[in-house]
Amino acid sequence: MTNTQRVNVGKQHPAAYKALIALSAEVEEAAAAAGLDPLLVELLKIRTSQINGCAFCLRMHTRDALKKGETTDRITVLPGWEETGYFSETDRAALRLTEAITRVSDGHVSDKDYSAAAAVLTADQVSAVAWLATVMNAFNRVAITSRYPVGG
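Presented here is a report on the structure given in the accompanying data block. Please read all numbers here as calculations on a predicted model, not as lab measurements.

Tallying secondary structure elements over the protein gives 8 helices and 0 strands in all. Ordering the α and β elements of the protein from the N terminus gives α-α-α-α-α-α-α-α. For a compact globule of 152 residues, the expected C-alpha radius of gyration is about 15 Å, and the protein comes in at 16 Å, within 12% of that figure. Out of the 152 residues belonging to the protein, those deemed buried represent 37%. A sequence separation of at least 24 residues applies to 70% of the contacts in the protein between residues at least 6 apart. Accessible surface, the protein as shown: approximately 8,500 Å² in total, 55% of it carbon and sulfur. Seen as two clouds, the 16 positive and the 17 negative side-chain charges of the protein have centres 11 Å apart.

Quick look at the structure:
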């Protein structure tokens with residue numbers, strides 16, 4: 001962390017930030033309507049934030065997940081989800097797609113990753129996961145660019 005003073009882009013352009021919050025609310029509603037478990041939604045936000053290294057969002061969504069009843073075991077092993085038995089087939093499909101979307105610069109969302117998700121998730125769930133990843137990546141970039149404070 002540097003001492004460079006950063007512009008808080010959310011405060012600098014509040015209308016844009018409010019639009020992102022409104023989009024996030026719409027995406028949350030779509031995820032619920034698609035039947036995605038609220039705990040999975042939080043895990044997808046955490047996993048996106050882990051990949052992006054966004055401490056602010058990690059803290060926020062870990063707290064939110066715990067308040068909603070998520071276990072510390074699942075949160076703790078989330079970076080190694082593929083190696084555990086903690087996650088359902090739906091969880092795994094959503095995590096895989098979320099990772100592919102978040103790492104889009106590593107070769108886009110491959111047909112293999114997309115097909116694996118689409119084999120398990122409904123079209124509404126695929127879309128909701130894609131929108132969740134898109135919005136969370138946007139929030140991560142706002143928080144990281146603005147250096148939202150975390151701790152000390």
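Moving on, there is more to tell.
Let us now look at the packing of helix α3 (residues 38-52) against helix α8 (residues 123-146). It is the contact of α3 with α8, at a shortest axis distance of 9 Å, that shows an interaxial angle of 45°. The orientation of α3 with respect to α8, classified from their angle, is oblique. Of the two possible hands of crossing, α3 and α8 adopt the one that is right-handed. Residue-level inspection shows V41, L44, K45, T48, S49 and N52 of α3 in contact with α8, the latter providing V129, L132, A133, M136, N137, N140, R141 and I144. Across the contact of α3 with α8, the residue classes tally to 7 nonpolar, 5 polar and 2 charged.

Let's shift gears to α3. The first and last C-alpha atoms of α3 sit 21 Å apart over 15 residues, in line with the 21 Å expected at 1.5 Å per residue. Most of α3 sits out of view: 11 of its 15 residues are buried. Within the sequence span of α3, burial applies to L39, L40, V41, E42, L43, L44, K45, I46, R47, T48 and S49. Considering only its buried residues, α3 is in contact with α2 (14-33), α4 (55-68), α5 (72-76), α6 (89-102) and α8. Sitting at the head of α3, D37 places a side-chain oxygen 2.7 Å from the backbone nitrogen of L39. In the segment just after α3, G53 is the residue with positive phi, at about 70°.

Each value, and the rule that gives it
- Numbering of residues begins from 1 in every chain and follows the order in which that chain's sequence is written.
- Owing to the predicted nature of the model, reporting of local features is limited to residues with pLDDT of at least 70; listing and counting of side-chain atom pairs is limited to 80 or more, with chain, interface and lining totals taken over all residues.
- Neither water nor hydrogens contribute to the side-chain values; these are computed over all heavy atoms in the structure.
- Only DSSP runs of H or I reaching four residues or more are called helices, and only runs of E reaching two or more are called strands; each is numbered from the N terminus.
- The globule rule used for comparison is 2.2 Å times the number of residues to the exponent 0.38, while the radius of gyration itself is calculated over C-alpha atoms.
- Relative accessible area decides the class of each residue, using a 1.4 Å probe on protein chains only: under 20% of the type maximum gives buried, over 50% gives exposed, and in between gives partly exposed.
- Any pair of residues with heavy atoms lying within 4.5 Å of one another is described as a contacting pair.
- For the accessible areas, the method is Shrake-Rupley and the probe is 1.4 Å, while residue cover comes only from the protein chains on display.
- We treat Lys and Arg as the positive residues and Asp and Glu as the negative residues; His and chain ends play no part in the count.
- Taken as the charge centre is NZ of Lys, CZ of Arg, CG of Asp or CD of Glu, depending on the residue.
- To define axes, lines are fitted to C-alpha atoms, for helices over the stretch in contact only, and angles between the resulting N-to-C directions are given on a 0 to 180 degree scale.
- What sets the label is the angle itself: under 35 degrees gives roughly parallel, over 145 gives roughly antiparallel, 65 to 115 gives roughly perpendicular, and the rest give oblique.
- By definition, turning the near helix anticlockwise from the far helix through less than a right angle yields a left-handed crossing, and turning it clockwise yields a right-handed one.
- Just so you know the grouping, Ala, Val, Leu, Ile, Met, Phe, Trp, Tyr, Cys and Pro go in nonpolar, Asp, Glu, Lys and Arg go in charged, and all remaining residues, Gly too, go in polar.
- For a helix, the expected span equals 1.5 Å multiplied by the residue count minus one.
- Whenever two N or O atoms come within 3.5 Å, that pair is a polar contact, provided that in protein one can donate a hydrogen and the other can accept it, and provided that, for residues adjacent in sequence, both atoms are side-chain atoms.

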